[in-house]
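Letter by letter, the chains look like this.
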Amino acid sequence: SNGVLSVVGAQNIDIDTIGNASRQLTSAGMNYASASITTDVTYTLPASPSTGDIVYIKLAAVTSGKHAVISGSGMQLIDGVSTLTASSAYAGISLCYVASDVWRVF
């Protein structure tokens, strides 16, 4: 109010343990690999996001030469491409769904 951003009540974000296996992410929120990534994996973004949804992905350790692919669902693009690749240990990625079939990295 009066030009100041304020939050009323508790604000929580969903946290999902995604292990170290490929999987479809089902909702916005925090997603973290709870084990070292020892094989190539693919994490697919939610299939039916709403504008403004934010997805965070945090990797654990990554075995040399292995990587995690972040993929849009269906026709969704991430900054104009269909996939991103992360191979750094403990890399973090934040994405926001900004328009129909469009994710942006922040």
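Definitions and cut-offs
- Residues numbered from 1 in each chain as written.
- Predicted model: local features only at pLDDT ≥ 70, side-chain atom pairs only at ≥ 80, totals over all residues.
- Heavy atoms only, no water.
- Core = buried A, V, L, I, M, F, W, Y, C linked by side-chain atoms within 4.5 Å.
- Buried < 20%, exposed > 50% of the residue type's maximum accessible area, 1.4 Å probe, protein only.
- Helix = DSSP H or I, 4+ residues; strand = E, 2+ residues; numbered from the N terminus.
- Contact = heavy atoms within 4.5 Å.
- Patch = residues over 30% accessible without salt bridge, like charges linked within 9 Å, V, L, I, M, F, W, Y side chains within 5 Å.
- Areas by Shrake-Rupley, 256 points an atom, 1.4 Å probe, with all protein chains shown as cover.
- Salt bridge = Lys/Arg side-chain N within 4 Å of Asp/Glu carboxyl O.
- Pairing = 2+ DSSP bridges.
- Phe/Tyr/Trp six-rings, centres within 6.5 Å; stacked < 30°, edge-to-face > 60°.

Undergrad: Could you clarify how one ought to interpret the nonpolar core in this entry?
TA: Side chains of a nonpolar character, in soluble globular proteins, are inclined to be buried together. Ile-37, Tyr-43, Leu-45, Ile-57, Leu-59, Ile-70 and Leu-95 are the most contacted members of the largest nonpolar core, which has 21 residues in total. When residues of this core are traced back to their parent elements, those giving at least two are strand S4 (41-44), strand S5 (54-58), strand S6 (68-71) and strand S9 (92-99). Aside from chain neighbours lying at most four places away, what touches Ile-70 is Tyr-43, Leu-45, Ile-57, Ile-78, Ser-82, Thr-83, Leu-84, Ile-93 and Leu-95.

Undergrad: Any chance you could explain the environment of Val-105 here in plain terms?
TA: Considering the arrangement of structural elements, one finds Val-105 in strand S10 (residues 102-105). Placed 21 residues apart in sequence, Val-105 and Leu-84 show a C-alpha to C-alpha distance of 9.8 Å. Ignoring sequence-local partners within four residues, the contact set of Val-105 consists of Ile-78, Asp-79, Leu-84, Ser-94 and Leu-95.

Undergrad: Can you walk me through a nonpolar patch on the surface in this structure?
TA: A surface patch of nonpolar side chains, about 520 Å² in accessible area, is lined by Ile-13, Ile-15, Met-30, Tyr-32, Ile-54 and Tyr-56. Relative to the helices and strands, Met-30 is located in strand S3 (residues 29-32).

Undergrad: It is not clear to me how the pairing of S6 should be interpreted in this structure. Could you clarify?
TA: Regular strands show a simple pattern: their side chains alternate between the two faces of the sheet. Taking every second residue as pointing to the same face, both faces of S6 are buried, with Ala-68 and Ile-70 on one and Val-69 and Ser-71 on the other. For S4 and S6, the ladder comprises four bridges, and the chain directions are parallel. In the strand pairing of S6, Thr-44 is matched with Ser-71. Judged from the four bridges that link them, S6 and strand S8 (residues 83-86) form a sheet pairing that is antiparallel.

Undergrad: Mind showing me how you'd approach the pattern of salt bridges here?
TA: Pairing is possible between side chains that carry opposite charge, provided their charged atoms lie close to one another. As enumerated under the stated definition, the model contains two salt bridges in all. Residue Asp-79 is joined to Arg-104 by a salt bridge in which the shortest nitrogen-to-oxygen separation is 3.7 Å. With Asp-79 in the loop between strand S7 (77-78) and S8 and Arg-104 in strand S10, this pair connects stretches of sequence that are 25 residues apart. For Asp-79, a relative accessible area of 39% puts it in the partly exposed group.

Undergrad: Help me understand the packing of aromatic side chains in this model?
TA: Two aromatic rings, taken as a pair, are described by how far apart their centres are and by the angle between their planes. Overall, the coordinates contain one aromatic pair when judged by the stated rule. With a centroid separation of 5.1 Å and 65° between ring planes, the pair formed by Tyr-97 and Trp-103 is classed as edge-to-face. Given the relative accessible area of 7%, Tyr-97 is considered buried.

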